[in-house]
Amino acid sequence: PHYYAIVDQGKLIVAVPMDKNRQADTMYFSENHGACWSKTKFSTTPWHFTGLQGDPKALGLKVTLWGYTPSDGLWQTMEVDFSKVIERQCVSDDFEEWVPHAQGAKDGCLLGFKERISVIKQNVWCFMPDTDLRRTEESCTCDLEDFECDFGYVWNAKKT
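So, a few notes on the structure that sits alongside this text.

The rules behind the values
- Residues numbered from 1 in each chain as written.
- Predicted model: local features only at pLDDT ≥ 70, side-chain atom pairs only at ≥ 80, totals over all residues.
- Heavy atoms only, no water.
- Pairing = 2+ DSSP bridges.
- Helix = DSSP H or I, 4+ residues; strand = E, 2+ residues; numbered from the N terminus.
- Salt bridge = Lys/Arg side-chain N within 4 Å of Asp/Glu carboxyl O.
- Buried < 20%, exposed > 50% of the residue type's maximum accessible area, 1.4 Å probe, protein only.

Taken in spatial order, the four strands line up as β3-β6-β7-β8 in an open sheet, and their pairing is antiparallel. Edge positions in the open sheet fall to β3 (23-24) and β8 (75-81), since each of these has one partner strand only. Taken together, the seven bridges between strand β7 (residues 62-68) and β8 define a ladder with antiparallel strand orientation. The partner of threonine 64 across the bridge, within β8, is glutamate 79.

Spelled out as structure tokens, the structure:
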């Protein structure tokens, strides 16, 4: 099992694996959507690991780890700042457009709504500025599948 946090607006994934006794001293991080992982030790002795947390809005590059050392029971907390590793701020050429639900015949239209989001390209090593992702929204035509998935929809068997 792993504890994990997603920060930098989804660009950075941090994971801490644990053994069966919840002991951990190593973390992994990926800056390319999980395609490649880097490994680093956060402690010389294993902790009884109890938590990992990033910024609730996933805007920053910091994660906090906590747990206690089994030998003495002392609580440990550590803040890891990935801005020391990922130093370059993204520029406009580092982004590409992503359309959720784009696979299939509906080309991203879901429940009468299509959203386009500028995300960092997979193999670019940079951090997002502390702003929200750039999004554009547009309306699109609903079809029967949209209504079937909507809250409160009741299927009428007599109409089939």
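Having put the structure on the table, let's press on.
Taken as a whole, this structure holds five salt bridges when the rule is applied. One salt bridge in this structure joins lysine 62 and glutamate 79, with 4.0 Å as the shortest N-O distance. On the criterion of sequence distance, the pair formed by lysine 62 in strand β7 and glutamate 79 in strand β8 is long-range, its members being 17 residues apart. A residue is classified by how much of its surface remains accessible, and lysine 62, at 40% relative accessible area, is partly exposed. A residue is classified by how much of its surface remains accessible, and glutamate 79, at 52% relative accessible area, is exposed. Residue glutamate 138 pairs with arginine 116 through a salt bridge whose shortest N-O separation is 3.5 Å. With glutamate 138 in strand β11 (residues 135-139) and arginine 116 in strand β10 (residues 113-120), the pair connects residues that are 22 residues apart, well separated along the chain.

Spatial relationships are all this shows, so hold off on functional conclusions.
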